[in-house]
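The residues making up each chain are set out below.
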Amino acid sequence: EGVSYTYGQRFRSQFKVDQVESMINDLKRNKDSRRAYATTWDPNIDATSSSPPCIDSIQAIVRNNKLYLTVYIRTNDMYKAWPLNAFGLRYLQKVISDEMKIELGTLTTISSSAHIYGNDWNSAKNKIENYKPICKPDPRGNLVVSLENKKRLVVNDKPF
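In this report, we go over the structure that sits alongside the text.

Thresholds applied
Residues numbered from 1 in each chain as written. Predicted model: local features only at pLDDT ≥ 70, side-chain atom pairs only at ≥ 80, totals over all residues. Heavy atoms only, no water. Pairing = 2+ DSSP bridges. Helix = DSSP H or I, 4+ residues; strand = E, 2+ residues; numbered from the N terminus. Axes fitted to C-alpha atoms, helices over the stretch in contact; angles between N-to-C directions. Expected span 1.5 Å × (residues − 1). Buried < 20%, exposed > 50% of the residue type's maximum accessible area, 1.4 Å probe, protein only. Arc of directions from axis to C-beta. Contact = heavy atoms within 4.5 Å. 1 Å grid on protein atoms, 1.4 Å probe; cavity = no way out; pocket = protein on both sides within 12 Å on 5 of 7 lines; lining within 4 Å. Points joined across faces, edges and corners; volume = space filled by probe spheres on them. Nonpolar A, V, L, I, M, F, W, Y, C, P; charged D, E, K, R; others polar. Core = buried A, V, L, I, M, F, W, Y, C linked by side-chain atoms within 4.5 Å.

## Quick look at the sheet that holds strand β1 (residues 37-39)
Here four strands make up an open sheet; going across it, the order is β1-β2-β3-β4 and the pairing mixed. Only two strands of the sheet have a single neighbouring strand rather than two, namely β1 and β4 (103-115). Ignoring strand direction, the axes of neighbouring strands in this sheet form an average angle of 15 degrees. As judged from the three bridges shared by β1 and strand β2 (residues 55-63), these two strands associate in the antiparallel manner.

In structure tokens form, the structure reads like this:
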């Protein structure tokens, strides 16, 4: 009550379809499918909503027996929401890969409007200043985040 939506509800029961299960079934039928796709956006509700979903779609693709997940994020609070969403999406990717009995590939997030809210700016700035020596920005604005030996977080090939 009081919650506009949850991503789980949107992916698992919106449109009276479990889209995650549909993605898994599609990939089990054809590992080369490019149709393992799910959306949260409902134009009947979200076009005029004051709180539409930020994560709008996900697509799973299998390549070299690994499951890759690409996510389109309409608007993205990079400071507070992105880390939580990335971990949640990686978990969803693992659920699908476990069901497929294949390895995890990369998780790619595409943010159309990436931002940091004004009230988080100082906190974000302090973190950047503290980690400046180990986080080399990509001139295109990309960050590659990975886990080394399942233990150490690496950002743009630099230990974190």
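The discussion continues.
## Points about helix α4 (residues 81-100)
Taking 1.5 Å per residue, 20 residues should reach 28 Å; α4 reaches 28 Å between its end C-alpha atoms and fits that length. Restricting attention to buried positions, one finds in α4 the residues Asn85, Ala86, Leu89, Leu92, Gln93, Ile96, Ser97 and Met100. Buried residues along α4 cover an arc of 135 degrees about the axis, so they all sit on one side. Among the exposed residues of α4, those pointing more than 90 degrees away from its buried face are Leu84, Phe87 and Tyr91. In this structure, the buried residues of α4 make contact with α1 (7-13), α2 (19-29), β2, β3 (66-77) and β4. Within two residues after α4, Lys101 carries a phi angle of roughly 60 degrees, on the positive side.

## Overview of the layout of surface pockets
Of the volumes computed, that of the second largest pocket is approximately 220 Å³. Considering the residues around the second largest pocket, the lining is formed by Tyr7, Gly8, Phe11, Arg12, Val20, Ile55, Asn85, Gly88, Leu89, Tyr91, Leu92 and Val95. For the lining of the second largest pocket, the secondary-structure elements that each account for two or more residues are α1 and α4. Per-element tally for the lining of the second largest pocket: the top contributor is α4, with six residues. When the residues that make up the lining of the second largest pocket are grouped by side-chain class, the tally is eight nonpolar, three polar and one charged.

## Overview of the pairing of β3
Inspection of the sheet shows β2 paired to β3 by eight bridges, in the antiparallel sense. Bridge pairing in β3 places Ala60 opposite Leu69. Where β2 folds back onto β3 in an antiparallel hairpin, the turn is made up of two residues, including Asn64, whose phi is positive at roughly 50 degrees. Here ten bridges tie β3 to β4, and the two strands are oriented parallel to one another.

## Some thoughts on the nonpolar core
Met23, Leu27, Ile58, Ala60, Leu67, Val71 and Ile96 are the most contacted members of the largest nonpolar core, which has 20 residues in total. Those elements that place two or more of their residues in this core are α2, β2, β3 and α4. Setting aside residues up to four positions removed in sequence, Ile96 forms contacts with Val20, Met23, Ile24 and Leu67.

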